[in-house]
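Structural overview for review
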Amino acid sequence: MTFLRPSPALLVTRHSPRGPRALGACLLAAQVVLSACSPGPSGEAKAVDTPAGPSVGGASAHAAPAPAASGLAAHAGQPALAASFPAPSVALAAARARLLDGDYRKAMEEFASIQAYYPGTAEAAEAILRQGEAALADDQFAVAEEHLRRFLAAHPDHPLQGTALLMLGRALEGQGNGGAAVYAYQQYSASVPPEIALGDFLHLRAANIFFGAGRAADGWTELAQAVREADQSGSASARARVYEALGTRYLEAGNRAQAAAAWRVALEQMVAARQPARDVAALAGRLVNVYQAMGRRDLADALRWRIVGEWPRTATAQRAMADLGPSTVPAILRGEIAFANRSWAQAVEALTWYLDAGAPEGRLDEARYMRAVA
């Protein structure tokens, strides 16, 4: 049987961007394959044990006796050496698992290997994007920008273009390049259907960038657009997020009345969105402080009672109870608030009083449990 000698140029058509070490590994692999295919003294091919190939996805790949036995045929235009590696989809899935596990540096190496060994494939294209994503997660903002811009330039019609633009904006923000980040977000919004454009969120980010850069007028313009987008979306979470930010900006500008109005909307939207009690109560506590600063003790106390009654297992409830006067709060609530905040002596006292009174609200078992733990 005649063995064809592979061309070294074919075996090492491309190399990983990781530098001389990766290129040296490719040259070594080429020498091993050439040695394995060279005829022995009798004119027959000699069998040589080949070392494990580079690790992709955490598993070492070994040369197979024949493509049919390995089941990993090389794709057209790929280096012949790729026949000994996992299928591109398998390698990409393994590298993405590295990324999800938080092993960002290793994931970047594996995404680079996919680009080197499977050029021209859909997996190699996505690997460029994911390499930028891994760099972004590792706070390597300049490196992330480089890979994301390369992906955007090389694959202008790729379905993940929008994802790349969002990540590019974050990478630019990380480098303090707010103007370019806003432009990237605008490109994203223009490139996707309105229902997934994240208009309120991106306008809010743009507003924060402009306020941070001292461009208050542009910041207020973006904030107004964020409010409009959130109102049109019908999303309680979006409205809560935007109106909370709006109230914060009004308060910073010294406009307490407008801040209170915005935070009232945000509070009701947080409740509608069923956000965590801790977060809802925290915003309610900030609104209490604004009412107090406005001289509206009546509104402040009404909201304190709401905090105690609706979100008793929060630190904000303990502060609200202290302001109202603990003796004015029903014993079961007083005990629950103290229990949640690890004020054990106060919890035991309140719960004992409640149980001795015959558990008037009907929470007998719960009161016994809390008192026993306290």
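Above this text is the structure in question.
The rules behind each value
- The residue numbering used here restarts from 1 in each chain and proceeds along that chain's sequence as written.
- Per-residue local features are limited, in this predicted model, to residues with pLDDT of at least 70; the limit for side-chain atom pairs, both in listing and counting, is 80 or more; totals at the level of whole chains, interfaces and linings are taken over all residues.
- Hydrogens and water are ignored here; the side-chain numbers use all heavy atoms of the structure.
- A side-chain nitrogen of Lys or Arg and a carboxyl oxygen of Asp or Glu constitute a salt bridge if their distance falls within 4 Å.
- A run of H or I in DSSP counts as a helix once it spans at least four residues, and a run of E counts as a strand once it spans at least two, with each numbered from the N terminus.
- Relative accessible area decides the class of each residue, using a 1.4 Å probe on protein chains only: under 20% of the type maximum gives buried, over 50% gives exposed, and in between gives partly exposed.
- This arc describes the spread of directions from the helix axis toward the C-beta atoms.
- Any two residues having at least one pair of non-hydrogen atoms within 4.5 Å are treated as being in contact.
- Side-chain atoms within 4.5 Å are what join buried Ala, Val, Leu, Ile, Met, Phe, Trp, Tyr and Cys residues into a set we call a nonpolar core.
- Lines are fitted to the C-alpha atoms to define the axes, a helix being fitted only along its stretch in contact, and any angle between axes, read from their N-to-C directions, falls within 0 to 180 degrees.
- Between 65 and 115 degrees an angle is taken as roughly perpendicular, under 35 as roughly parallel, over 145 as roughly antiparallel, and anywhere else as oblique.
- Left-handed describes a crossing whose near helix is turned anticlockwise from the far helix through less than a right angle; right-handed describes the clockwise counterpart.
- Residue polarity is assigned by list, with Asp, Glu, Lys and Arg as charged and Ala, Val, Leu, Ile, Met, Phe, Trp, Tyr, Cys and Pro as nonpolar; anything else, Gly included, falls into the polar class.

We now examine the pattern of salt bridges. Throughout the structure, instances matching the rule amount to 25 salt bridges. Residue aspartate 298 is joined to arginine 296 by a salt bridge in which the shortest nitrogen-to-oxygen separation is 2.9 Å. Among the ionic pairs, glutamate 366 bridges to arginine 313, the shortest N-O distance being 3.1 Å. Taken as a pair, glutamate 366 in helix H19 (residues 364–373) and arginine 313 in the loop between helix H15 (297–310) and helix H16 (315–324) lie far apart in primary sequence, 53 residues in all. Put simply, Arg96, Glu126, Arg130 and Glu133 are held in one network by salt bridges that share partners.

Turning our eyes to something else, we now look at H16. Given 3.6 residues to a turn, an α-helix orients residues that are three or four positions apart in the same direction. If you check which residues of H16 are buried, you get Thr316, Ala317, Ala320, Met321 and Leu324. Projected down its long axis, H16 carries its buried residues within an arc of 135 degrees, all on one side. In H16, the exposed residues that point more than 90 degrees away from the buried face are Arg319 and Ala322. Along its buried surface, H16 packs onto helix H14 (277–293), H15, helix H17 (331–340) and helix H18 (344–356). Where H16 ends, the next residue or the one after it, glycine 325, has phi of about 100 degrees, a positive value.

This brings us to the nonpolar core. Grouped together as the largest cluster of nonpolar side chains are 50 residues, with contacts concentrated most on Leu267, Leu303, Ile307 and Val308. The biggest single contributor to this core is H14, with eight residues. In contact with valine 308, other than residues within four places in its own chain, are Ala317, Ala320, Met321, Leu324, Val329, Leu333 and Ile337. Core analysis: the next-biggest nonpolar cluster, separate from the first, contains 40 residues, Met108, Tyr117, Leu148 and Ala164 among them.

Another point: the environment of threonine 248. As for its placement among the helices and strands, threonine 248 is situated in helix H12 (residues 236–252). Along the sequence, threonine 248 and alanine 259 sit 11 residues apart, while their C-alpha atoms lie 6.6 Å from each other. Not counting residues within four places of it along the chain, the set of residues in contact with threonine 248 comprises Trp263 and Arg286.

Another aspect to go through is the packing of helix H10 (residues 199–212) against H12. For the pair H10 and H12, the least separation of the axes is 10 Å and the interaxial angle reads 20 degrees. One way to sum up the angle between H10 and H12 is to call them roughly parallel. For the crossing formed where H10 meets H12, the hand is left-handed. In this structure, H10 uses Asp200, Phe201, Leu204, Asn208 and Phe211 to contact H12, whose residues at the interface are Ala238, Arg241, Val242, Ala245 and Arg249. Counted by class, the contact of H10 with H12 contains six nonpolar, one polar and three charged residues.

From the geometry alone we can't say anything about function, so treat these as descriptive.
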